[in-house]
Each structure stands twice: as structure tokens, then as C-alpha cells.
Amino acid sequence: MTTVSKPARSRLDPEPIPRRDMLGLAALWAAGSALVLAVLGMARLPKAAVVSSPSKRFTVMLPDSLQPGQAFLPSGRSVAVFRDQEGTWAVSTICTHLGCIVRSTPAGFECPCHGSSFAPDGTVVRGPAPRALSWLKVSAAGEKLVIDEGTVVPPGTKVQV
Amino acid sequence: MNKNKYLLLGSSLGVLALLIVAAAQEGFREWRVIQRATQSDEGPLGVRLRQVVSPGLGTSDRCVSCHVGMDPNEQGVRGGRLMIQHADVVHDTSEFGCTICHSGQGLATEKLDAHGEVRFWPEPMIPLQFSQAGCGTCHASLGMPGLEAFRQARGAFERLDCLACHRVDGRGGTMRPDGFGMEGPDLSRAALSGYDPDWYSKHLLEWEKAESGSWKAAFAPIGEQDLRLISTYLSTRIGAAKLAEAKVHFLSNGCLGCHRVSGFGGDEGPDLTRAGEKDPGQVSFAQVQGKHTLANWFSEHFRSPASLVADSLMPAVDVSDEEIELLTMYTLSLRRRELPGTYVSKERMRVEKLEEREFASDGQTVFSAVCAGCHGKKGEGKQAPGRQVFPAIANPDFLALASDEFILETITQGRPGRKMPSWGTKEAGLKKYEISRAAEYLRKMGGVEFRTDPKTRRWLSGNSAEGKRLFASACSTCHGAEGEGKEGPALNNKALLAIATDTYLVETISGGRRRTLMEGFLTPSMARPTLSPAEIEDVVAYIRSWEGVEK
Amino acid sequence: MSGKISSQTGLLEMWDNLRAVPRRIVDSAFRSGKPNTDRTRSTFIFGNLFLHLHSVRVHRWSLRWTTTFGLGIVCGAAFLITLVTGILLMFYYKPYPDVAYESIKDIHFIVPTGRFIRNIHRWAANIMVVAVILHMARTFYTAAYRKPREFNWLIGMGLLVITLALSFTGYLLPWDQLAYWAITIGANIAQSPREVTDALGITERFDPGEWMRLMLLGSDVVGPVALIRFYLMHVMILPLALTALMGVHFWRIRKDGGLTRPVNADQKLSPPGGDTYPVFSEAPARTYQIAAIVKGRTSQVGNGPENTVPSMPHLFYAELGLLMLTAFLCLAFSVVWDAPLKEIANPAVPENPAKAPWYYLGLQEMVSFSAFMGGFGIPAIVLIGLGLIPFVEREESGTGEWFGGPGGWPLARNSALFGLSAAIVVEAVAIRFGWIREWFPDAPQLLITFVNPGTVLTLVYASYSVWLIRRFQSTRAGAVGLFTCFLCGFVVLTIIGAYFRGPNWVFYWSPAEWPGH
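Participant: Which residues make up the nonpolar core, and what values do they have?
Facilitator: Grouped together as the largest cluster of nonpolar side chains are 154 residues, with contacts concentrated most on A78, M128, A179 and M324 of chain C. Leaving out residues up to four positions away in the same chain, A78 of chain C has contacts with A124, I127, M128, A131 and T326 of chain C. The next biggest cluster of nonpolar side chains, apart from the first, holds 70 residues, and it includes F150, L332, A392 and I393 of chain B.

Now the structure itself:
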């Protein structure tokens, strides 16, 4: 490529290699894009394709002694079920602020974490909670109630069972 | 130096290509393809993995990723056989998932893996025609009758017109009391859900009150016998009619005489308590035709046990194809699962903790479930090739000579040294009343009463030395030189000699057993020597001499 | 007034600085600028934490493919791949019995890319084991362990042991039948010194076997405790140890003067080709003493810089190329073959035959005669022997050349033939006629422990090696013979263990002859 007769250059001079080295560039680009694609593929792994939580629907049987305004709290679920003359409804007891479980009180609900208070219908009375507590879908199955924690209904939806 | 650049370029392009192949593999997984082609009422279905998680049972069933129609959270899914919805069953599918009943590999998302038809998954799906076998994972059924008893009970239930008001397995229940209102309760699951033990007196009361209508038309007082039959029939209503029938047949082939199930039965064959869970990867399908499923293996095994299991002692089960299918179904239902307390069924608990019986304790059922395997369904005896005979215990000549005490004692103590186990004393054996009912049934079946013997148990005084000579010439061909038994039963058995009276032995030799190889030696014959009464007594004296000999 | 102006200038300055941020970040990271002169290329390397394990220039001999076949880099690349995929798998793996198995099923069936990643992990691990063994063979046959590289040879042996241990510990994690029974056997090999202590009757007082088994399993059975131990070793202790030793190994390569090359390497190399950068075909204007940054003229002015090329980019093309080649192999295997997963572990039903990973099947074959000698004695002898090689063999001829030294390739070939046939003959005798137990049922256990096909083969190989030393008057010749024989013995035993052993470790010509159930 070069001959000895050509004047020697200093090794500290820049050489215009990349322009001529198409092969090297192609190889580097191929390697780079393969690695990028691999990383993109690998980045998909940590996000679970399906969450392993049990069905959000569950059935409960309300006790006959349940008074209007009194909350029925199915065990293992974050739901309060109420019944009055107009029907039955379920309110989620998960605080809309940061997800603590609110306590049911005669005046409504109180969150133990940051002091939010909610009226019996779930609307925010005090504290940092940004939204009212969700009302959940209730339907009847024979003598039992089916409550779907996954489906939110407009507040005030009461179901006659 | 360019070699390395070519290396880099080539392998990088190769990696790129393989990454794209892998992405395509991922993007065209079976469940994705299925879901993309599926419509629901609200338009195309969202393509995502679906599963039913049951924390209590510890299962995550991804079956609904392909069978989207079965997903309890999906409604209005349309498209083909794959998308049909699950039939309405007692168990909430969103709580129980799929594999607890159907078995298979719930964690898998590809057909072969999920259906378990792959190596290294020991619990394949129960074939659809046997799906009721899945109930056996958790449920037991108590007090089930044998085939004869079941037929009588079902006959009574239908004869007495119970189906007029009650619905059973989709039949009947059309007539409503007083013309309108509720029909009678559905009795399809009466054995599991339980029913009012006072039902008869309450029915009677209604009948007395009623002037007309269905209470008068379809009901009338019934007898004690029929009441028992109806309660027998109700004990077979476990919500799975075919499984119940399968069990009835299992209890009619004497399987329990050699096999244990849930802590009851004989010890000659393997314990079958978990037979339905057999790993298909651990059995040989060399002799099995058709698909290599456990069900096919079982049916072939019933037809010809020895060709599938080397050295199997089990005789072939000589029944119709339909019955083989039922037996296969019952065998498949013999499975267990570690379950948290709240999921354990009441019946299973009663069987395992309280040792309640899964079969009825009437003589007929006990005989057909336990004794029929060796002695025949009619007590006619059996002989497997190359083995000693199993005695024909319903033989009238035998029953005439064998006292009730003889029969009870034989069942209770068994015959040490022979296949007959000591049913009364062995672990996992019969209870006293079951033995006596079976003995009663045996005598009833033979139709012969014990010929009362005025003599004492031991009255005989023959010449043992002379007997020895006679035995060698007359008896040893069948019973062996030392009475050890060949085609004929062993006579040197101490348990037999302890129970048998002198009369029993003398009469048996003199008169023989009809319909067996044993003929009476008093009767003159061309083929073998005839013995005089005195000579017979000599032979018995010789046989008695074995009583003290350790054999 | 002046305050206003200065505040304006300040804001403008800040604005300019803000605009210059990206450029300055790059500048501050890569201080030397574009690596397009020898000097900047050098700074590019020693100014970078990850690259400075390389020397800035590399001899052209080292870049010849036949010098190393890139095996060392393949080992490192395979390790890098297992490291990355292993970390990804840890997102979903749960180290507890039964749950572990389910989590592998999850990885296989529902984790996005999970099946592929697990396959890659598995195949990269296999490739790593193969590459490590071949790398060791390469180092041996080119006599590259000689002074001053003796210590690096020892480090390399450490890396071999850790690689095998990593593989072994990873084997248990899926908690399937394969895993459970392989580890049960492995744990009992750890206990096998009892074979000797029992025979000597001193187990009551001195029981190193039980101690090792307990250390390995943390319990008397393969259970949750054992699983968490294996997990800890697999994901933490061993990778850390491997990384540390690898660092030392690489660093020593540089400190020991780069890769071994023959003394006459410069003559053997063809003159620099036209496709290299001008710098190699020209006499340098300045030359290099310590590194390119030292300016000044020395006696080497006018001479080529010792047939070396800058590592950046020549060495890096080679390294990157090998990394991608390794990745390509892993991916190709992974697309075609899934990593195995058998039934869930069942302590009541042993696998039959229960086979260890393939590279332990040679050991397992020897273990089938004596657990102690097969699992402990002979591996220890082999490891000690390997470690002694560079300290016992102090010759100089043939360094850096394939099959260098007296005898050359014919010696290696003949040794291979001898090693193969000796192993096959000994195995054939043992398979056809049985061994001492079958001939003399009352033979004492110590005799059986110390006289078995493994030890006989070891002795045969050792005698052969001694004979070679005398014949060639060269330790190197003996070493080549011994190494070759052991390699061949390993291959023969591994193949017999892998393909010709069936249920109850009985010899079968093919799995089709295995008895049915």
C-alpha cells in the first residue's frame, strides 16, 4: 500500500483510517446492533407476562344480622360490604393515597398511614387521599353474593339481591 | 488482519439472525396464535397470557391461555371448539382451576406439554371420556354396593317412582308437588351433600295431609326392604354417575381380595390407593395398542395382566369391553393430592381417619368385592394356569359338610401357607359383622344348609400306616405325596386340619365334591381305586397325622 | 452598571457551558480523543479500566488464529454470557425445593424470553467447560506453561476447578430428578474417604468424608438446606472467585510478557501485509520504550516496532469477534435444543441410571469401581500432576510451538493411540470379565479401593510416561505422553459413561437395549 520511498510520518499524526475501513465499520455496526437487539430482548425478561394473583372475584354470604350502616368485612379481602333497604354494595378498603388498608368506623373509614378520612360512601373528608374509595361490582349468585374486586362501578350503585 | 473483521462481521450477523429467529419463535407461540384469531363480543381478544391461580390448592393453571372460553373472567368469547365454555359444575372454576380435576400440566402453555403427553410429566390429563375419574383426587364415596345390590337398588328407586318429583343426573323431576312450586330436591349428589335421615317420615306426613296432587299420586308408603334399597341407591349418587357405576363394577370383581385401596383389602397384589397416578413414563407400552395413555394401558392390563407386567399373578379379568372401560375409569380415579385442611372432603376424612368403608357392608357386596376375585362371582372356584385351585366354596357338597363355624373360622383365620389371608385378624381386613354377613350370603347363594353332625369333632380311630399306603395310591396324584397340594388343594394345612371335623373329612372323601375333580371314593369307578368306609377312615387318620407336622 | 454586564456575561457563559455539556462529558470520559494515532490508541487502552488489562501493542504472532484458536477468549466470553443470563434468571428463580422446579417451569413457559435465556445459560455453561479443557490442552501442547508463566498455569487450574464446580452447583438448582440424583451421588462421592477410613477402622475418630458431605449439603439429605447452599455457591461465591482469579489470570498474561511465542517467531511470520495500517510497513520515526507516549530516539529507530500492532483495534476485533462467535454458538444451540428438565425431584424414586453432567461421566465411570479412588484419589493425582508440570519440566526447546519439544507431533499422536487403546482394553476387561469383587467375593475392601480400572490405568499411563522420559531423555516427552494419555482416558471413560451405560450402570451397546420396566 505504501512504499518506503514515501516520507515517514510521525506516529502521532492522525490517520484517516475509518473512511477506508468499510469492512471494520460494517463488522462493528453488525456487532453493535446485535448487542443492542440482545439487550432489548433481555430487557423484556424482568416484566412478568402474567401476575400470579388469585381471581379477584369471590363469593360471600352476608349474615342475616347485618344492620344498615354496619360493614361486613370478608376475611382475606380488602372490601367492606354494606346492606340497607335500597340494596347491597361493596366499597374497596384500599386507601387511594398510598394503598394502606383503611379501617371501617361508624363515621366512615380512616386510613392509619397518613390520616385520610372517608365518608361512609367513600368520599374523601380529610387528608391527602386524591380520590374517593372505589365501589366494586356486586352481583347475586343464588343466596350468595359475588364481589369482583377487579371491576369498579360508579359510586351509589346498589344492587337488590 | 481482516480475518478477524470477517469473523466479527459473520458471527454478528449470525447472532442478529438467531435473535430474530428467537423473537419469531416467541411471537408465534401457540397461545398467541390462538388468541389472535379469537373474537369476543367486544371485538378482538386482548392477546396475553391468562391463568387461574388457586392459592389454596397451590395451582396456577394456564390452560385458559388457549381455552380462553373457559376463563372465568372472560365472557362472550367466540370461536370453535377450543373456545367453548366450561359446563356448569359444582366447583367454581375460578377458585379450583383446571388441573385439580383434569390433571395435566397447568404451568405449561403449549398443547403437548399442557396435556401432559410429554416425557418427564408424570400426570397427564385424564382423557375426556374418563374425566369423572378426576373427582377421585379429593372425593371418596362411602358404602357403595356391588353390582347386584346396585341393580336392585336402582330398580327399587325407579319402580317406586321417585323420579316423578326428584331429579337425578338430569332425569326426572317433572312432577311438582301440588301441581306447582318447587319440584323435589335434585338427588344427583345426595351421597356427598347429605340428606335428611327422617325423609321418609316427613314424606309420609305430607302424604297423609295431601288430598290429591303429586304427593298422593306419586308417593305411597313403602316397606322396610325398599327403604334400605333406596338408601343404598342414594349412597351411589355422588354427582358423577359414571364413576359410581365404575366403582360398582370394581366392587363386583373381587379386586379387593388381593389389592388394597385406602387401607382396606388383600396384600397379594400392589396397593391401588394411588394407582391412577401411575407415571406413564414408568410403564411399558410395548404390548399396548393405540395411544400410549395410562387408560389404554389399564384396559390392556385387565385383559392380559401377565403380558404387560412380567411375573404378574393377576388372572385376566374376563368381562365385556364396556365393563373393562368402567374398571379403567375407576382405576384412574384412584388418586390423591396433598390438600390444605379446608379442601379435604368429608368422605375422604371419614375413610382415612374413621376407617369407614367405601363399600356397603351387606353380605352380597362384601362377597363380590373381596371373595369373588379368587372364588368366583358365584363361588364356583377358579384356577389360574399353573397354580393351585381356588376352592369352589358355594359347592353344595361343601356347604352341607361345612358348619357355619367352619366357614367363619376359615375366613377369620385364613389358610396360612395358601393365598387365603386371615381376613378377621389381618391389618386392613374385614370386620366381624362383615365376615358373618359374607358367610351368610355364601350359604344363601349355595342354597344348602349344614347337615347337622351328631358325632363329636374327633370320633375316628383308623390305622394311620394303612392310610399312608392308601393315600399314596389313591390321593397323592392330585393332593401331592405329602398332601402338599397339586391340582387338588393342600391337605397338610394345619389350619384346615384344626378346623375340619372328622365327619367333614370322611364325608368329603366318601361323597366327593360335585362339579369338581374330586369324586366320591365310595362310588365304584374304572379310573381310580374304590375305598371302603374303613379304608377311608384309615386315610383320614393318616391325614390327621400331619396335624402335628410343621408345614 | 458593571454588575449588570457581569451578570449578563455570567448567564451567557453558563448558556455556552450548558450547550457544551454533551461534548464535555464525552471529552472527560475519553480524554485522549479519537484513537486514530498510536499515541491515542495507547491512551485509549491504558486510560480505560476495563481495557487496561491488555498491553497497548500485541505481537502479530499472538493474533495468528493457529496460535491459540482464541480458546481463552471463548472461555471468558462464555463466562460473560452465563453471567448475564444467570443474573436474568435470578429474577424468577426461587431456591426452595419444589418451588424451584415450578419457577423453572415458569421460566420455560411464561417468562418473556425466559426459555431462550435459560437455554443460552445452559449451553454457554457447556461451551465454557469444553473451552476451558481445550484451552488447557492448547497451553500444554504449545508448552506455554514454562517460565515465567508457571504461576499462571496454576491459576488456570484453579479456574478449571471453579468452572467445574460452577457447573456442578448449577445442576441442582432446577430441582428435577436429574438434579436431585446427580447431587445425591456427588455428595456421596464427597463422603467417599469413608471407604478408606472404614476399611482402616478409624471412621469413629477420623471421618473427613462425613465432614465434607455435611459441608456440602448442610444436612444429611439433599433438601432445602443443600439447595440454598448450592444456590449461594452458584450465584455468589464461585462467580466471585472465578472473576477474581480471571482478573489475575489476564493480568499475569500481560505481566508475563504476552502470549508465548517461539524465539524465532519474527522470522516465521510473513512480512507485514499491505492491508495493515501504514505504521507497520514503515520504519518508525520514533520508537517505543515503555509505551507509545515516551518520546525520544533509541537504537531502534529505523527498525520496525518488533512486529507488533496496536491492540486497539486489532486485538479488539479478534476479541469482539470471538465473543460474538461464542454468542452465536450459544444462540444456535438454544434455538434448536431446549435445556433439559425432567420430573420434579422425588427422593423415593431414584433415576436409573442417574447420570451426572456429561463432563463428570468419566469420573462416574471410575466411581462405579471405587468411590474413593474414582471420585477423589485419581482426580487428586491428576490435579497434582498437572500442577507439577511447569515446575518439573524445565526444558526450553519448542516453547510456543504446537507439540513443541522432543518427539513433536508423532509423539503426541502415538501417545494418543496408546492412551485410547489402554483405556479401551482396561474397560473392556472390566466390562467383559468383571473385576476383583466378581472373581474373589471375599477380597478386602482396601484392595478393591486401590486396585481398580482407574488406578490400573493411571499406573499404565505413568509407566508409559517414565519409559518416554528415558527414551527421549526429556521430561517434556514424558509430560506430553502422560497428558495425552490422561486426556484420551478421560474421553474414553466419558464416552462409555455417556453412551454405553444403562440402568444399574450395566454396559449396553445402545439405549435401545435397556430393559423395559
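Participant: Go over the packing of helix 18 (residues 404–413) of chain B against helix 19 (residues 432–446) of chain B, please, and point to the residues and values.
Facilitator: Any two packed helices are characterised by how steeply their axes cross, that is the angle between the axes, and by the distance between the axes. All names here are of chain B. Relative to each other, helix 18 and helix 19 sit at 130 degrees, their axes nearing to 10 Å. In terms of orientation, helix 18 lies oblique with respect to helix 19. Judged by the twist between their axes, the crossing of helix 18 over helix 19 is right-handed. Along its contact with helix 18, which presents D404, I407, L408, I411 and T412, the element helix 19 presents I435, S436, A438, A439 and L442. Grouping the amino acids of the contact of helix 18 with helix 19 by side-chain chemistry returns seven nonpolar, two polar and one charged.

Participant: Quick rundown of the interface of chain B and chain C? Include the residues and the values.
Facilitator: Listed by partner, the interface residues are 26 residues for chain B and 27 residues for chain C. Classifying every residue of the side of chain B that touches chain C by side-chain character gives 14 nonpolar, eight polar and four charged.

Participant: Please provide a residue-by-residue account of the pairing of strand 2 (residues 79–84) of chain A, values included.
Facilitator: Residues and elements named next belong to chain A. With five of six residues buried, strand 2 is to be regarded as a mostly interior element. Across six bridges, strand 2 lies against strand 3 (residues 87–92) in antiparallel orientation. Bridge pairing in strand 3 links A80 to V91. Hairpin connection of strand 2 to strand 3: two residues between the antiparallel strands.

Participant: Quick one: what's the story with the interface of chain B and chain A, residue by residue and with numbers?
Facilitator: Contact residues are listed per partner, giving 20 residues for chain B and 18 residues for chain A. Partitioning the side of chain B that touches chain A into residue classes produces twelve nonpolar, six polar and two charged.

Participant: Pulling in residues and values, what's your account of the sheet that holds strand 2 of chain A?
Facilitator: Residues and elements named next belong to chain A. Strand order across the open sheet formed by five strands is 1-9-8-3-2, with antiparallel pairing between neighbours. Taken across any chain shown, the strands that pair with only one partner, and hence form the sheet edges, are strand 1 (57–60) and strand 2. Ignoring which end each strand starts from, the neighbouring axes of this sheet average 30 degrees apart. Pairing of strand 1 with strand 9 (residues 144–153) involves four bridges; the strand directions are antiparallel. Looking at strand 9, one finds that F58 is bridged to I147.

Participant: If you had to explain the packing of helix 8 (residues 150–172) of chain C against helix 12 (residues 224–255) of chain C to someone new, which residues and values would you point to?
Facilitator: Residue and element names in this part refer to chain C. At a minimum axis distance of 9 Å, the contact between helix 8 and helix 12 shows a crossing angle of 160 degrees. The angle between helix 8 and helix 12 falls in the class roughly antiparallel. Crossing hand, helix 8 versus helix 12: left-handed. Split by residue class, the contact of helix 8 with helix 12 holds 17 nonpolar, seven polar and one charged.

Basis of the calculations
- Residues numbered from 1 in each chain as written.
- Chains lettered and ligands numbered in written order.
- Predicted model: local features only at pLDDT ≥ 70, side-chain atom pairs only at ≥ 80, totals over all residues.
- Core = buried A, V, L, I, M, F, W, Y, C linked by C-beta atoms within 7 Å.
- Buried ≥ 20, exposed ≤ 12 C-beta atoms within 10 Å, placed from the backbone.
- Contact = placed C-beta atoms within 7 Å.
- Axes fitted to C-alpha atoms, helices over the stretch in contact; angles between N-to-C directions.
- Helix = DSSP H or I, 4+ residues; strand = E, 2+ residues; numbered from the N terminus.
- Parallel < 35°, antiparallel > 145°, perpendicular 65-115°, else oblique.
- Left-handed = near helix turned anticlockwise from the far one by under 90°.
- Nonpolar A, V, L, I, M, F, W, Y, C, P; charged D, E, K, R; others polar.
- Pairing = 2+ DSSP bridges.

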